[in-house]
Amino acid sequence: MKLEILKELNVERAARRPVIIVTDTANGDQRLVKAADIAADPLRAELSKQLRMGKSGNVEVGDKKLFLNVYAPTAKLVIIGAVHISQALAPLARSLDYDVTVVDPRTAFASPERFPDVPLVAEWPDVALPPLNVDRYTAFVAVTHDPKIDDPALLHAFDRDCFYIGALGSRKTHAKRAERLRAQGAKDSDIARIHAPIGLDIGAVSPSEIAVAIMAEITAQLRLPPKEKEEAA
Amino acid sequence: MLNRDEDILQAAETWQKQGHGVALATVVETWGSAPRPAGSSLVINDDGTFLGSVSGGCVEGAVVTEALDVIASGQPKMLEFGVADETAWNVGLSCGGTIRVFVEKVG
């Protein structure tokens, strides 16, 4: 690997931007493809598939065998609300390799006894969220049921282009939430990005089951190609 | 997205800047129950110091030896380890899988 490629790879990784290194394993020829440049790449179909799967692999192009090494950032999960569902959701998400943070200004909820080993921020979203660097590779879940906490958090998630945004509440609750968010300047296209009621419809009842439904929905959003994603939603 | 072992690439850059010869070994293909997926890597410097893993400890020793050759020659190499290969079995990919590891010089 040329030093320039290694340096560029490290810069992109530090900025949490995905890259793919394409190597001709017969002779060591190599190039770096940034996620933003995939659409214009001759290998765009293969590159976008591998990136979506977050998986490295080989492709044959003509008589060449190329290895596509995918470097995608570690996904984050930000949970707004240190509630019962979150106590099940945080460890489940960690077992799926997400970096998890729980935010709740109510210190009685955001206590280490309730969330052993999970990073907790007992602050309001306007203070808690900016340092978390919420980005494209972040799943964002608002489950407090309290508009004072959930609403400003959701507005932050819209700005940061999270790959998944979910909010707890029935259709009725969500309709009210949509009204409030619109009044605060949210676009219809932003509101349409909220998965609510949250989680895949698997008949979940207990907090742990709801956590499974949420992680299943997040996984689908992360891994499925766009068309199948619509069908799963 | 869910790969946590990549800071070794920063080490590769640092070693290179310090004037070390450095090689990068990457799992490019696996069959059967290989311990580490494609894309897993190991960086090696000319002291024989290494970081990361390509097999969870089974064949790293052999990879490091080959990597020192690659650092010296500058020519990339493809290595294969698995139960089908008597020597590879001896170095111990005892999980029953087969892996191919691409070793290249950095710089």
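Residues numbered from 1 in each chain as written. Chains lettered and ligands numbered in written order. Predicted model: local features only at pLDDT ≥ 70, side-chain atom pairs only at ≥ 80, totals over all residues.

Visitor: Help me understand the environment of glycine 166 of chain A, please; the structure alone is not making it clear to me.
Guide: Residue and element names in this part refer to chain A. Mapped onto the elements, glycine 166 comes out in strand E9 (residues 164–167). The spacing of glycine 166 and lysine 7 is 159 residues in sequence and 36 Å in space, taken between C-alpha atoms. When sequence neighbours within four positions are dropped, the list of residues in contact with glycine 166 reads Val141, Ile194, His195, Ala196, Ile198, Ile214 and Glu217. (Helix = DSSP H or I, 4+ residues; strand = E, 2+ residues; numbered from the N terminus. Contact = placed C-beta atoms within 7 Å.)

Visitor: Explain the sheet that holds strand E4 (residues 64–71) of chain A to me, please; I cannot follow it from the model alone.
Guide: Sheet strands associate in pairs through backbone hydrogen bonding, adopting either a parallel or an antiparallel arrangement. Residues and elements named next belong to chain A. Taken in spatial order, the four strands of this open sheet run E2-E1-E4-E3, and their pairing is antiparallel. Unpaired on one side and paired on the other, strand E2 (30–34) and strand E3 (57–61) mark the two borders of the sheet. Pairwise comparison of adjacent strand axes, ignoring direction, gives a mean angle of 25° for this sheet. By the bridge criterion, five bridges tie strand E1 (residues 19–24) to E2 in an arrangement that is antiparallel. (Pairing = 2+ DSSP bridges. Axes fitted to C-alpha atoms, helices over the stretch in contact; angles between N-to-C directions.)

Visitor: Help me understand unusual backbone geometry, please; the structure alone is not making it clear to me.
Guide: Glycine aside, the phi torsion of most residues is negative, and most peptide linkages are trans. Residues and elements named next belong to chain A. Cis geometry marks the peptide bond from alanine 196 to proline 197, where omega comes out at -5°. As for its placement among the helices and strands, proline 197 is situated in the loop between strand E10 (194–195) and helix H8 (207–223). Of note, aspartate 117 is a non-glycine position whose phi angle comes to about 70°, a positive value. Mapped onto the fold, aspartate 117 is located in the loop between strand E6 (99–103) and strand E7 (120–121). The class of aspartate 117 is exposed, set by 9 C-beta atoms lying within 10 Å. Even without being glycine, histidine 145 reaches a positive phi, approximately 75°. Residue position: histidine 145 is located in the loop between strand E8 (138–142) and helix H5 (147–159). (Buried ≥ 20, exposed ≤ 12 C-beta atoms within 10 Å, placed from the backbone.)

Visitor: What exactly am I supposed to notice about the pairing of E3 of chain A here?
Guide: Each regular strand shows side chains that alternate between the opposite faces of the sheet. Residues and elements named next belong to chain A. Sheet analysis places E3 next to E4, joined by five bridges and oriented antiparallel. Bridge pairing in E4 links valine 59 to leucine 66. Between E3 and the antiparallel strand that follows it, E4, lie two residues; glycine 62 among them carries a positive phi value of about 60°.

Scope: geometric values only; no functional claims are made or implied.
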